[in-house]
Amino acid sequence: MLEPKVWREAAAQVFFALGLGFGGVIAFSSYNKRDNNCHFDAVLVSFINFFTSILATLVVFAVLGFKANVINEKCIAENSEMIIKLVKMGNISQDIIPHHINFSAITAEDYDLIYDIIQKVKEEEFPALHLNACQIEDELNKAVQGTGLAFIAFTEAMTHFPASPFWSVMFFLMLVNLGLGSMFGTIEGIITPVVDTFKVRKEILTVICCLLAFCIGLIFVQRSGNYFVTMFDDYSATLPLLIVVILENIAVSFVYGIDKFMEDLKDMLGFTPNRYYYYMWKYISPLMLLSLLIASIVNMGLSPPGYNAWMEDKHL
C-alpha cells in the first residue's frame, strides 16, 4: 500500500474505467444540449462505475478462489497417495497416522494435521520425502495479473466449471465486446476534435484511424507480443495518462479559470454546483495528482524499467 506504483496503477484503473484522459468523455459530451444536466450524468456514471467495479471484484476473486480450491484439492489428493506409498514402503510408520484419518476422503484440515506430524517426526529426513504443504493461501498468492489473469488464470479456472465450453465461449465473447466498447470511446476522442477542427469527412478519418491502430496492434500478436504489452501498459499507458489528466485539471482550474468554469456550469445547470467541486478541482485534485506523479517518477528513477523475460536455455 505504501508503494507509489500501486497508487499509480489504481489511478490508471480509475482513468480507464471512467474514460478520463482519453478525450472520449469530452467528445461524447460535445453532442449534449447546452441545458443538459451534466452534474446528474457525472454522478450517475461514477456510481454505476463504482458498483460495476465491486461486482467485477466479487466475480474475479470468486473465480480465483474456486481455481485455488480445485488446485489445492488436487495437491492434497496427490500427496495423500504419496503418503500411502511411503507407509507401504516403510519410510513412514503407520503408528504416527491418526486412526480417524480416511485417505479416500481426506479433508484439508486432516491433511494439515498429518503433514505437521510427519514433519515433526521426520525432522531431518522430511525434505527427502518431497511432500507439499498444500496451503490454499499459497495458491491464492500465485494469482496472476494483467493479460495472464484473463488468458491464463480465468481460462484454467473455467475448465473446471460445469459445461466449461459454454462458459469459455461466453467469457471470450465478453472480452471481445469489452474491447470493442472501450475502443468506441477512444477512437471518438481522436476523431471528434480532428473533424471539428479541420472539417474532414468522418468516415474516411475513422477508417484511417482504425487501420493505423490495427497495424500498430500487430506487434502485440508476435511471439514477443507479451513483452510489448507489458511495456505499453507500464510506460505508455499509466504515467502519460496521469500527466494528461494533470494538464487537463490545470487547464480548467488555472488557465481557463475555476471561477469562470463554475459560472459556465451555473448557466448550464440552472443552479450553482456545491463548493466541494470548487475546492476539489482547484486544490485537492491537482495536489494529489502531482504528488502521485512525483512519487512515481522518483520510484522509476530508483528502480530502472525492466520486465521478466523467459530464457530458453535456462528452461530446457
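Residues numbered from 1 in each chain as written. Predicted model: local features only at pLDDT ≥ 70, side-chain atom pairs only at ≥ 80, totals over all residues. Heavy atoms only, no water.

K.L.:
For this particular structure, what's the right way to read the UniProt feature "binding site: Na(+) 1" (unreviewed entry) in the protein chain?
P.N.:
Those places that UniProt annotates as "binding site: Na(+) 1" (unreviewed entry) correspond, in this numbering, to Leu178 and Ser182. Inspection of the secondary structure puts Leu178 in helix H8 (residues 164-198). For Ser182, a relative accessible area of 44% puts it in the partly exposed group. (UniProt positions renumbered as here; feature names shortened; annotations may be inferred. Helix = DSSP H or I, 4+ residues; strand = E, 2+ residues; numbered from the N terminus. Buried < 20%, exposed > 50% of the residue type's maximum accessible area, 1.4 Å probe, protein only.)

K.L.:
Even after reading the chapter, I still don't get the nonpolar core, so can you show me in this structure?
P.N.:
Note that soluble globular proteins tend to have their nonpolar side chains buried in a common cluster. With 17 residues, the main nonpolar core has Ile83, Tyr111, Ile114, Ile118, Leu129 and Leu131 as its most contacted residues. Only helix H3 (38-89), helix H4 (108-121) and helix H5 (126-129) provide two or more residues apiece to this core. Looking at which element gives the most residues to this core, the answer is H3, with 5 residues. Apart from residues lying up to four places away in sequence, Ile118 is in contact with Ile83, Ile92, Ile96, Phe126, Leu129 and Leu131. In this structure, Phe15, Leu242, Val245 and Leu292 belong to the second largest nonpolar core, which totals 10 residues. (Core = buried A, V, L, I, M, F, W, Y, C linked by side-chain atoms within 4.5 Å. Contact = heavy atoms within 4.5 Å.)

K.L.:
How do you make sense of the UniProt feature "binding site: Na(+) 2" (unreviewed entry) in the protein chain when you look at a structure like this?
P.N.:
Per the UniProt record, "binding site: Na(+) 2" (unreviewed entry) is annotated on Asn49. Structurally, the position occupied by Asn49 is in helix H3. With sequence-adjacent residues up to four places away left out, Asn49 is seen in contact with Ala17 and Leu18.

K.L.:
How do you make sense of the packing of aromatic side chains when you look at a structure like this?
P.N.:
Describing an aromatic ring pair means giving the distance of the ring centres and the angle of the ring planes. For the coordinates displayed, the defined rule picks out 13 aromatic pairs. Centre to centre, the rings of Tyr115 and Phe126 are 5.2 Å apart; their planes meet at 85°, and the pair counts as edge-to-face. Linking Tyr115 in helix H4 with Phe126 in helix H5, this pair joins segments that are 11 residues apart in sequence. Accessibility assignment for this pair places Tyr115 and Phe126 in one class, buried. Through successive ring pairs, a cluster of aromatic residues spans Phe261, Tyr276, Tyr277 and Trp281. Across the ring face of Tyr278, the terminal group of Arg275 is positioned such that the distance to the ring centre comes to 4.1 Å. (Phe/Tyr/Trp six-rings, centres within 6.5 Å; stacked < 30°, edge-to-face > 60°. Lys NZ or Arg CZ within 6 Å of the ring centre and 35° of its normal.)

K.L.:
When you look at the state of the cysteines in this model, what are you seeing that I'm missing?
P.N.:
Defined simply, a disulfide is a covalent bond joining two cysteines at their sulfur atoms. One pass over the full model with this rule turns up 1 disulfide. In this model, Cys75 is linked to Cys134 through a disulfide, with the two sulfur atoms separated by 2.0 Å. One quick way to see it: the torsion about the S-S bond of Cys75 and Cys134 is about -75°, and its sign makes the bridge left-handed. Of this pair, Cys75 sits in helix H3 while Cys134 sits in the loop between H5 and helix H6 (136-141), placing them 59 residues apart in sequence. Taken as a pair, Cys75 and Cys134 share a single burial class, namely buried. In this structure Cys210 is not part of a disulfide, and its nearest cysteine sulfur, from Cys209, lies 6.9 Å away. (Disulfide = S-S within 2.5 Å.)

K.L.:
It is not clear to me how unusual backbone geometry should be interpreted in this structure. Could you clarify?
P.N.:
Positive phi is not limited to glycine here, since His130 has a value of about 60°. For His130, the location among the structural elements is in the loop between H5 and H6. By relative accessible area, which is 60% here, His130 ends up exposed. Not every positive phi belongs to a glycine, and Cys134 is a case in point at roughly 55°. On the basis of relative accessible area, Cys134 is assigned to the buried category, the value being 9%.

K.L.:
Just checking my understanding: could you explain the pattern of salt bridges for this structure?
P.N.:
Two side chains bearing opposite charge may form a pair once their charged atoms approach each other closely. Tallied over the full model, the rule gives 4 salt bridges. Its salt-bridge partner being Lys202, residue Glu188 comes within 3.3 Å of it at the nearest N-O pair. Of this pair, Glu188 sits in helix H8 while Lys202 sits in helix H9 (residues 202-217); the two residues are 14 residues apart in sequence, bridging distant segments of the chain. A salt bridge links Arg201 to Glu203, with the shortest nitrogen-to-oxygen separation between them at 3.8 Å. Taken individually, Arg201 and Glu203 each receive the classification exposed, so the pair is uniform in this respect. (Salt bridge = Lys/Arg side-chain N within 4 Å of Asp/Glu carboxyl O.)

K.L.:
Looking at this model, I keep getting lost on H3. Mind explaining?
P.N.:
For an α-helix the count is 3.6 residues per turn, leaving residues at separations of three or four pointing the same way. Between its first and last C-alpha atoms H3 spans 75 Å; for 52 residues at 1.5 Å apiece the expected length is 76 Å, and the two agree. Gly90 sits one or two positions beyond H3 and adopts a positive phi of about 90°. (Expected span 1.5 Å × (residues − 1).)

K.L.:
Any chance you could explain the environment of Phe151 here in plain terms?
P.N.:
With respect to the helices and strands, Phe151 occurs in helix H7 (residues 147-158). Along the sequence, Phe151 and Phe172 sit 21 residues apart, while their C-alpha atoms lie 9.2 Å from each other. Apart from the residues within four sequence positions on either side, Phe151 is in contact with Phe172 and Leu175.

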